[in-house]
Amino acid sequence: MIGAEDEVHDSLSEELDRITGNAAFAVAEFGAAGAAIWRLYRDENGTPRAEQPSVPQSVMKDPDAFYRDVDPVFIVRTSAALPDNLFDLLAAARGVPVYECRKPLEDQIRKAITDSPLPLPYELAVFRQVPPGRPDAGRLVLAGHQIFPPGVTHGYRVAVRVRCEPTDGDGTVFAVVTRERRPDIPPNDQALRPVQIQSAMVPAGTYEISAELARPGRVLLHGLPGPLSKFTGSWDSVRHQVPDRLAAAEPVHLVCLVETSGDDDRLELRIDRLSQLIEEAEQGGGELSVSVVAYGPHAVAWRVDERQVAVPAWAAQGTRAVQELRGLARRPRDPREYRRAAQLECALETVARHLSERDGRPVIVTAGGRPPHPHTMDTRTTIIPCPERVNWKWQADRIASLGASFGALRDSGARADVWRTLGHDAMATVDDAVDIPDFAVRLGLRTAAQVVPFPFID
Amino acid sequence: MATTGMGSAKAGVPDDGKRTYRSEPGIAMLGATGAGKTTFLGALQIALLQDERGWTIWSKDPASRREMIKMNTALTSEGEFPLPSTGIDTFDWILGSRRERTERTGRLRSRSFEESVQVTLKLTDASGELARSDQMDLDDRRQLVEQVAGSQGILYMFDPIREFNRGDAYDKLFGLLMDIIATEAEHPGFDGRLGHHVAVCVTKFDEPRIYKTAESLRMLVWDSHDAAGFPRVHDSDARDLMHRLCRLSRSGTGQAVPQLLERYFYPDRIKYFVTSSVGFMVSERTQRFDPQDTENVYRIESGEALIRGPVNPINVVEPVLWLVEQMALNG
């Protein structure tokens, strides 16, 4: 047999170029094991498809029926030895080209499909906002942003700059679509038809991604910080999650309470963990303000000077808050400090007094170990009461009533009730490795206020 | 364990309406480690200063004087507790006062004169560890037993917090009493009871659990003339308070402590006092007692206990003077 792969490839390409709409054509492979019939067509996106239809045995034994019903454009013979019925079919070829090849027809179809140019432009499904000044300004519109024009083939690459907003646990959907070209419908109203739908957990931000056409129907996206995976939902369901408008990102006010008592290593550990959390929260994409509240033990003796709860940063930027936190490591210490409690109740009172709705949803994270001073004599613990008679529980309730979330980065030995309350939404021990991203998610520092499934093109 | 000894009484000679009365009765001090014996001695100096009866304390012996100053400085200037004894330290302190006395000079005549009273306190401050049964054959223990047996009065320091946490008061007291009785039994006329006067001091009154127990039993009384507003437990209620606190003994043997004392001493020679050597905490802001914050002791990072505010001893002078008075009355 003489190899005729190029002729087969050219024939397949010509036929693929020719078919539109519901048109299809068939090709056949005759081999030692029998015949394989392939039917090629294009789907609604113009992507070439190949399938093996079921052909009755009677058709394969009757040349008239075979050339009438199957009507192959050409036949590829991949073996000198054939079953008798195929010899009979070849003998009655009736002008249908027969190519003798070593390469199986399936591989050649695959190659031809890969090499075929796009008949329709490919677009990335994106959000656009109606620009200011127009009716419905700010409204979100799901649109297509062309990434591949018609006629391009595999290997074509294009760079796209997209902006991702915080969204829910399913992540951002990256869908390649085509548009239903109907002259009677304005382009913006033409339905988008999915070619490929993937999703990725992407932190809010702007990304330069590269889209590469691997073959018709398959686009590779490079440059995202997280891996893409097959989207498990349906196109219709994700399409209907489109919000009318982009809600302003919920401002968050992260309040870090840090206990300054204890040894230097422990304090550094608390500062490190809180700094990591602030940096993590800054990647949340939303508006973030950070406060730092430092507290130690009350001066329970006349000979010890009282050091009030300090607020080195309030509703400040994250970088400034981290700077102030670091400064706490150099604080002087009185060797006559009380060891059994810290003025946590007064720190909470300070927070409750300072909190304002305009700074955002409060997220209170406490890094410490000692219990608060009780507001009154406590014969169970015999801890000396707070000189201001502040009740930590009341203060925590007061803060909770403002919709606050509570996270605790406690010392491993801290067991008091207060840590259950202060760690209501997220709890970790500073001595252990802390999954800071997870901690941030549990406090709502990394989740969105609404589902924004598609990226934006600005 | 600490002991204070006061030697036998001596009468002075009348001199132009003034007399000097010297008393040297023996007073021993018993109590477990940490019961506050050394602190009690340190607080005695302060308590005498605050007492209106005008008692003073001093020492002729240089070593005793040095210890007196050291204890005083620790409590008042440093806010620290005097270091507890590890063996037996003996100090000679002198309690002094003046009192008016009337004496009959004939069938229808009498005259008054001011009498100077001096009581020599022979203080033997011994470690509470000497009360342990495994210390019985040690010289220090034997010395302690002899000094207690030879004294006329005993200050017994009962620490309810230690009893609550460890519950060993009965065991330690019983062993020591047996040794003392064995010594006394050699004397003719011994009838099975010890003749000492015993001032039982229920210590750490400022501790919240003890304060609250007294409050719940409605035993707190206030002196309207007390500027700081400190409460007290009247001596008549002190025994009942001790009984109630003994119920919380960790070992369950605490309730037997008063019974032990009242069985081996004459009950009419025992008096109970609710005491606190450092007294109640006084608010720095209001300068007054705060019923929600009573304890005048706190612990720092190193574990050391320190004093929070001024030292205002409660019932520290009273047991000592009661013993002195009882011994004087009974010769």
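Treat the numbers as computed from the prediction; the structure is a model and nothing was measured.

Explanation requested: the overall build of chain B in the structure shown.
Counting secondary structure elements, chain B contains 9 helices and 13 strands. When burial is assessed residue by residue, chain B has 53% of its 331 residues classed as buried. Restricting the contact set of chain B to residue pairs at least 6 apart, pairs at least 24 apart contribute 73%. Counting every atom, chain B has about 15,400 Å² of accessible surface; 47% of that belongs to carbon and sulfur.

Which parts of the structure should I look at to understand the side chain of R273(A)?
Residue and element names in this part refer to chain A. With respect to the helices, strands and loops of the structure, R273 is situated in helix α7 (residues 264-282). Buried within the structure, R273 lacks any salt-bridge partner; its nearest side chain of opposite charge belongs to D272, at an N-O separation of 6.2 Å. For R273, the contacting residues outside a window of four places in its chain are L409, V430, D432, A433, V434 and I436.

Looking at this structure, how should I read the domain arrangement of chain A?
Interface size is commonly expressed as the accessible surface area that is lost when the partners come together. With domains assigned, chain A is organised as domain 1 (5-115), domain 2 (122-239) and domain 3 (252-442). For domain 1 of chain A versus domain 3 of chain A, the separation of C-alpha centres amounts to 74 Å.

Teacher, can you tell me more about the confidence of the model for chain A here?
One rule of thumb: low pLDDT means the predicted coordinates there are not for detailed reading. Per-residue pLDDT for chain A averages 90, and the proportion of residues at 70 or more is 97%. At the level of individual helices and strands, chain A shows its lowest average pLDDT in helix α6 (residues 235-239) of chain A, which scores 86, and its highest in helix α9 (residues 344-354) of chain A, which scores 97.

Looking at this structure, I do not really get the packing of helix α5 (residues 169-184) of chain B against helix α8 (residues 256-264) of chain B. What am I missing?
Each pair of packed helices gets described by two things: the angle between the helix axes and the distance between those axes. Residues and elements named next belong to chain B. Put simply, α5 and α8 touch, their axes get as near as 9 Å, and they point 15° apart. Taken together, the axes of α5 and α8 are roughly parallel relative to one another. In terms of crossing hand, the pair formed by α5 and α8 is left-handed. For the pair α5 and α8, the contacting residues are A169, Y170, L173, F174, L177, M178 and I181 in the first and A256, V257, L260, L261 and Y264 in the second. Class assignment for the residues of the contact of α5 with α8 results in 12 nonpolar, no polar and no charged.

Quick question: what am I supposed to make of the confidence of the model for chain B here?
Mean pLDDT for chain B: 83, with 85% of residues reaching 70 or above. Ranking the elements of chain B by mean pLDDT puts strand β1 (residues 3-6) of chain B last with 36 and strand β11 (residues 270-274) of chain B first with 97.

Would you mind going over a negative patch on the surface with me for this structure?
Residues and elements named next belong to chain A. Taken together, the side chains of D6, E7, D10, E14 and D17 define an acidic patch exposed on the protein surface. Examined against the element boundaries, D6 turns out to sit in helix α1 (residues 5-18). The exposed category is assigned to D6, whose relative accessible area is 61%.

What counts, and at which threshold
Residues numbered from 1 in each chain as written. Chains lettered and ligands numbered in written order. Predicted model: local features only at pLDDT ≥ 70, side-chain atom pairs only at ≥ 80, totals over all residues. Heavy atoms only, no water. Helix = DSSP H or I, 4+ residues; strand = E, 2+ residues; numbered from the N terminus. Buried < 20%, exposed > 50% of the residue type's maximum accessible area, 1.4 Å probe, protein only. Contact = heavy atoms within 4.5 Å. Areas by Shrake-Rupley, 256 points an atom, 1.4 Å probe, with all protein chains shown as cover. Lys, Arg positive; Asp, Glu negative; His and termini not counted. Salt bridge = Lys/Arg side-chain N within 4 Å of Asp/Glu carboxyl O. Domains from an automatic or database assignment. pLDDT = per-residue confidence, 0-100. Axes fitted to C-alpha atoms, helices over the stretch in contact; angles between N-to-C directions. Parallel < 35°, antiparallel > 145°, perpendicular 65-115°, else oblique. Left-handed = near helix turned anticlockwise from the far one by under 90°. Nonpolar A, V, L, I, M, F, W, Y, C, P; charged D, E, K, R; others polar. Patch = residues over 30% accessible without salt bridge, like charges linked within 9 Å, V, L, I, M, F, W, Y side chains within 5 Å. Charge placed at Lys NZ, Arg CZ, Asp CG, Glu CD.

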